[in-house]
Amino acid sequence: MDELTEPLTQGNRRALSRAITLIESTRADHRARAVALLAELPQRQALRIGLSGTPGVGKSTFIEAFGKMLTAQGLKVAVLAVDPSSARSGGSILGDKTRMETLSRDPNAFIRPSPSRAELGGVARRTRETVRLCEAAGFDVVLIETVGVGQSETLVAEMSDLFILLLAPAGGDELQGVKRGIMEIADIILVNKADGDLRDTAMRTVADYAGALRLLRKRPYDPSGFPKALPVSAYTGDGLDKAWANMTHLADWRREHGHFDARRAEQARHWFLSELRAGLLARLDAPQVRARLREIGDAVARGDSDPDSAAAEMLDWLGTTPAQRLQEA
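Bear in mind the structure is a predicted one, so any value in this text is a computation, not a measurement.

Peer 1: For this particular structure, what's the right way to read the overall build of the protein chain?
Peer 2: Looking only at helices and strands, one finds 15 helices and seven strands in the protein chain. Put simply, 76% of the contacts in the protein chain that link residues at least 6 apart link residues at least 24 apart. Put simply, the protein chain shows about 17100 Å² of open surface, and 52% of that area lies on carbon and sulfur atoms.

What follows is the structure, given as structure tokens:
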């Protein structure tokens, strides 16, 4: 048994942090140890809530207020915040703990920022495995905050039980609401900043999106009235309790009707195929394969071969055995 397994399952924060660092490592020996550690962990279930929204909508402020409300009810909350990485340097600020200063000091909360690196979809490469670690550590709710995303980045929905979309007042109209992509997979739309001078605007935005949601095709895993749009204010706390009540109602209904476990089973299949694709791509990094890629790529650049034919040639070559490749060489 790995030395991290026992303290992690007992809720030790230091062990959880070390395990997440191990999971995120790309070293071959660390990856082997990480896979073994995940296999040893007990199967525990937390409510996984994915939270997405455009930059500046107030995701961090909402999570702090929402997380404090949950910890006040005696729940243990883990926050996995994904920070965008620089396209130039590859670095990330990882300032989510600074933004969630009050929640970060709460003994029932755990906040872990991670860089997105070159990953698309608004989440980090190992966010899914990190969720498993938090569940094994005994957390009741895992909040997955994505980077600021657009309409097509919906990967967080493949690792969460509920997908919450946070919008700002005057963020769109009925036509914006019926666009496909991130809107049609949202379980609940929360219009933030519904306070002060923006309250009336926020209520109109809620009405616009509520009308748009009624035009979308009914999903079999939703009870009557879902998906829905609700107003909230992370600043005053108004609407947070109603939002949580709707989340728990939706999760309970899906459990009772068999959709909850079925969804998790489909997500497991998705991540199996995703990991398989990533493993196949990693094999392209072998020295002999890189040399062959350069050779065929140079032929394409010179105009001696077109991209489609070159790709077919490379795929045929990858299908040969190492012994056959040596004979060709």
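Peer 1: What should I look at first to understand the packing of aromatic side chains in this one?
Peer 2: In this description, a pair of aromatic rings is defined by centroid distance and the angle of the planes. According to the stated counting rule, one finds three aromatic pairs in the structure shown. Relative to Phe 66, the ring of Phe 62 lies with its centre 5.3 Å away and its plane at 10 degrees, an arrangement referred to as stacked. With Phe 62 and Phe 66 both in helix H4 (residues 59-72) and four residues apart, this pair spans about one turn of that helix. In terms of burial, Phe 62 and Phe 66 fall into one category: buried. Ring geometry for Phe 66 against Trp 244: centres 5.9 Å apart, planes inclined by 70 degrees, an arrangement best described as edge-to-face. Of this pair, Phe 66 sits in helix H4 while Trp 244 sits in helix H11 (residues 240-256), placing them 178 residues apart in sequence. The exposure class assigned to Trp 244 is buried, which follows from its relative accessible area of 11%. Taking the ring centre of Phe 226 as reference, the NZ or CZ of Lys 228 above it sits at 4.6 Å. The ring centre of Phe 260 lies 4.2 Å from the NZ or CZ of Arg 255, which sits over that ring.

Peer 1: Sorry, what's going on with the environment of Tyr 209 here?
Peer 2: Its location among the elements puts Tyr 209 in helix H10 (residues 199-215). Taking the C-alpha atoms as reference points, Tyr 209 and Leu 230, separated by 21 residues in sequence, lie 9.3 Å from one another.

Peer 1: Would you mind going over the pattern of salt bridges with me for this structure?
Peer 2: Where charged atoms of side chains with opposite charge meet at close range, the side chains can pair. Summed over all chains, the structure comprises 24 salt bridges. For Glu 24, the salt bridge is made with Arg 112, and the minimal N-O distance between the two is 3.4 Å. One end of the pair, Glu 24, is in helix H2 (residues 13-24); the other, Arg 112, is in strand E3 (residues 109-115), and 88 residues separate them in sequence. Accessibility expressed as a relative area gives 15% for Arg 112, which makes it buried.

Peer 1: Just checking my understanding: could you explain empty space enclosed by the protein for this structure?
Peer 2: Empty space left among the atoms is revealed by rolling a probe the size of a water molecule over them. Here the structure, examined in full by the defined rule, presents two cavities of 30 Å³ or more. As a volume, the largest cavity reaches approximately 60 Å³. Lining the largest cavity are 10 residues, and of these Glu 24, Leu 80, Ser 114, Thr 127 and Thr 130 sit closest to its centre. Elements supplying a minimum of two residues to the lining of the largest cavity: strand E2 (77-83), E3 and helix H7 (127-136).

Peer 1: Is there a simple way to explain the side chain of Arg 31 in this structure?
Peer 2: Within the secondary structure, Arg 31 sits in helix H3 (residues 28-40). With no salt bridge to any partner, buried Arg 31 finds its closest opposite charge in Glu 129, at an N-O distance of 4.3 Å. Arg 31 has contacts with Ile 23, Ser 25, Thr 26, Arg 126, Glu 129 and Glu 275, leaving out every residue within four places of it along the chain.

Conventions used here
- Residues numbered from 1 in each chain as written.
- Predicted model: local features only at pLDDT ≥ 70, side-chain atom pairs only at ≥ 80, totals over all residues.
- Heavy atoms only, no water.
- Helix = DSSP H or I, 4+ residues; strand = E, 2+ residues; numbered from the N terminus.
- Contact = heavy atoms within 4.5 Å.
- Areas by Shrake-Rupley, 256 points an atom, 1.4 Å probe, with all protein chains shown as cover.
- Phe/Tyr/Trp six-rings, centres within 6.5 Å; stacked < 30°, edge-to-face > 60°.
- Buried < 20%, exposed > 50% of the residue type's maximum accessible area, 1.4 Å probe, protein only.
- Lys NZ or Arg CZ within 6 Å of the ring centre and 35° of its normal.
- Salt bridge = Lys/Arg side-chain N within 4 Å of Asp/Glu carboxyl O.
- 1 Å grid on protein atoms, 1.4 Å probe; cavity = no way out; pocket = protein on both sides within 12 Å on 5 of 7 lines; lining within 4 Å.
- Points joined across faces, edges and corners; volume = space filled by probe spheres on them.
- Lys, Arg positive; Asp, Glu negative; His and termini not counted.

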